[in-house]
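Residues per chain, in single letters:
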Amino acid sequence: MTIVNIDQLHLYYGTFHALKNINMNINEKSITAFIGPSGCGKSTLLRTLNRMNDMIKGVRIEGSVNIKGENIYAQDVNVELLRKEIGMVFQQPNPFPKSIYENVAYGSKIHGITNRKQLDEIVETSLKNAALWDEVKDDLKKSAYGLSGGQQQRLCIARALAVNPEILLMDEPTSALDPISTLKIEELIQDLKQRYTIVIVTHNMQQAARVSDETAFFLNGEVIEMDDTATLFSNPNDQKTEDYISGRFG
Amino acid sequence: MNGSTSVSNTSINNNEKTDKQQLKHMMKRKRKNKFFHAVFFISTLFGIAALLLLLGQILIQGLGWLNWDFFNNYSSRKPENSGIKAAMVGTLWMIGITAPLTFIIGVATALFLEEYAKDTWISRVIQTNISNLAGVPSIVYGLLGLTLFVRMLHLGPSILAGALTMTLLVLPIIIVASQEAIRAVPVSQRHASYALGANRWQTIVKVVLPSSFAGILTGSILSLSRAIGETAPLIVIGAVAFIARLPDGLLSKFTAMPIQIYTWSSQPQEEFHHVAGAGIIVLLFMLLAMNALAIFLRNKYQRK
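What counts, and where the lines are drawn
- Residues numbered from 1 in each chain as written.
- Chains lettered and ligands numbered in written order.
- Predicted model: local features only at pLDDT ≥ 70, side-chain atom pairs only at ≥ 80, totals over all residues.
- Heavy atoms only, no water.
- Contact = heavy atoms within 4.5 Å.
- Buried area = accessible area lost by both parts, 1.4 Å probe.
- Salt bridge = Lys/Arg side-chain N within 4 Å of Asp/Glu carboxyl O.
- Polar contact = N/O pair within 3.5 Å; in protein donor to acceptor, adjacent residues only side chain to side chain.
- Helix = DSSP H or I, 4+ residues; strand = E, 2+ residues; numbered from the N terminus.
- Pairing = 2+ DSSP bridges.
- Domains from an automatic or database assignment.
- Nonpolar A, V, L, I, M, F, W, Y, C, P; charged D, E, K, R; others polar.

**Quick notes on the interface of chain A and chain B**
It is common to give the size of an interface as the accessible area lost on bringing the parts into contact.
For step 1, the next point in the chain: At the junction of the two partners, chain A supplies 25 residues and chain B supplies 19 residues.
For step 2, the next point in the chain: Contact between chain A and chain B buries roughly 1,800 Å² in total, counting both sides, with carbon and sulfur atoms accounting for 62%.
For step 3, the next point in the chain: The largest per-residue losses of area from chain A upon contact with chain B belong to P97(A), Y106(A) and I110(A), which jointly make up 28% of the total buried on that side.
For step 4, the next point in the chain: The tally of links between chain A and chain B comes to 0 salt bridges.
For step 5, the next point in the chain: If you look at where chain A meets chain B, you find 6 residue pairs in polar contact (both at pLDDT 80 or more).
For step 6, the next point in the chain: Secondary structure elements with two or more residues in the side of chain A that touches chain B: helix 2 (79-85), strand 6 (86-89), helix 3 (100-110) and helix 6 (149-161) of chain A.

**Quick look at the sheet that holds strand 4 (residues 59-67) of chain A**
All names here are of chain A.
For step 1, the next point in the chain: Taking strand neighbours across the sheet as the criterion, the 4 strands line up as 2-1-4-5 in an open arrangement whose pairing is antiparallel. Edge strands, defined here as strands with exactly one partner in the open sheet, are strand 2 (16-27) and strand 5 (70-71).
For step 2, the next point in the chain: Sheet topology places strand 1 (residues 2-13) next to strand 4; 8 bridges connect them, and they run antiparallel. Bridged to D7 within strand 4 is S64.

**Notes on the domain arrangement of chain B**
Residues and elements named next belong to chain B.
For step 1, the next point in the chain: Here chain B is partitioned into domain 1 (9-64) and domain 2 (68-301).
For step 2, the next point in the chain: Taking the mean C-alpha position of each, domain 1 and domain 2 sit 41 Å from one another.
For step 3, the next point in the chain: At the interface, 6 residues of domain 1 touch 7 residues of domain 2.
For step 4, the next point in the chain: Both sides together, the interface formed by domain 1 and domain 2 hides about 530 Å², and carbon and sulfur atoms give 75% of it.
For step 5, the next point in the chain: Three residues, I58, Q61 and G62, lead the burial of domain 1 against domain 2; their summed loss comes to 80% of the area buried on that side.
For step 6, the next point in the chain: At the surface where domain 1 touches domain 2, the tally comes to 1 residue pair in polar contact (both at pLDDT 80 or more).
For step 7, the next point in the chain: The residue inventory of the side of domain 1 that touches domain 2, partitioned by class, reads 4 nonpolar, 2 polar and no charged.

Structural data, given as structure tokens:
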């Protein structure tokens, strides 16, 4: 089942043509990886999916991004509601300078949930889903800044899950983490696939090969090739893909 | 070590030579280091010595005159009957009006400029002007207050006119300080909030303000303590030097502590200089208390 359909998408930063004619389908409850060298447009495309690019001055978009059949760049789209449906995890763990509890409860409070019991439940479930509950259950009132980098990133995942999104966007979520924390997050991503559609940008080709079902290879703002991950890594169609995955550039 | 890569005898001799030279050079560097260490230390001492001298002189001059009567008496022709009551109450009234006004307008302006305003030429002009206003001499604000509040709005030389003038004087400083505090909140935290579906106002209330509150508060209190010490604008708008009753409303005539102190110290009688000293002690104490409050609040609200 396709959940995201990107149709003839062009994106410009001022005069710079950052994304060129992107056409792509992303499947529901699967993991899609975006790979490619720095500046190829993979993070830019990720941020068009929850319209975080709106905040950058001078961005212009042509074409459409349809999520569950609706163009999210249509006039009457409620961006706040869209971002509730599409969670995001950033490259650097960015917890708020608040307690662990308040971090996870933040999104729910924003969207109007005030019942303490309900919030408690959401916090517990989200932390369990982010595989962090056992490590922090006695310290919910403590500052999130006391956690390690890997724990902070899982807290950010819990925070994103707490508003019950359908799609989870991850922008190089492990690039600031050590190998053990990275492994934990990769395992977590595998678990989350049962319930969420995940799109992950990664610099690390091994990571894409390990975690994803489908992989798209980007170069200079174009999608060169998108295929089943196993096929793309073992038997790529395009010479440029092969050069990249065999480490000849990038 | 230089030349240590070659192995011949001559080069070993050279090595010893260069070692000596290096040692000499090293001593020179150490002397230089000590010299500048001393220069910086003396510079620091200079400031502290000046401060101690000032404090000492004032304490010697004024401490003997500081008693309950001094707080409870009005200005008088006789030094022994002079007190600071009217001036102190006048200053408190003025700050009581100026503080909430500047805080609300200042923080709102800073939030607008940092969070809402797009980067257009208009907002750049506003920004540049605010920064420039922060450096305008206070007497210019006094003249502005005289024209605008005292004359055009017919407020007369009243507490309200004084407080509004002080508000104009302090606003640019509070705006700039608040902007800096707001700018120090990492963009990544705003993004985290927006990515969860928060709008701008929710992000400001729940993320930006809690993180920047300590900085905003510190900046505000410090700039208000500048307002307490200002004399020139109040003289210009016509605050009186001799008044023997407390203000009974916003439109009362008033005096403030720095004016009172200035008046005493310009009297010919030697005793009045002691009274001025006592007044300065009270003023300094108020300023110190406000700075202490700023430090306390900063520590309390500092992000954990």
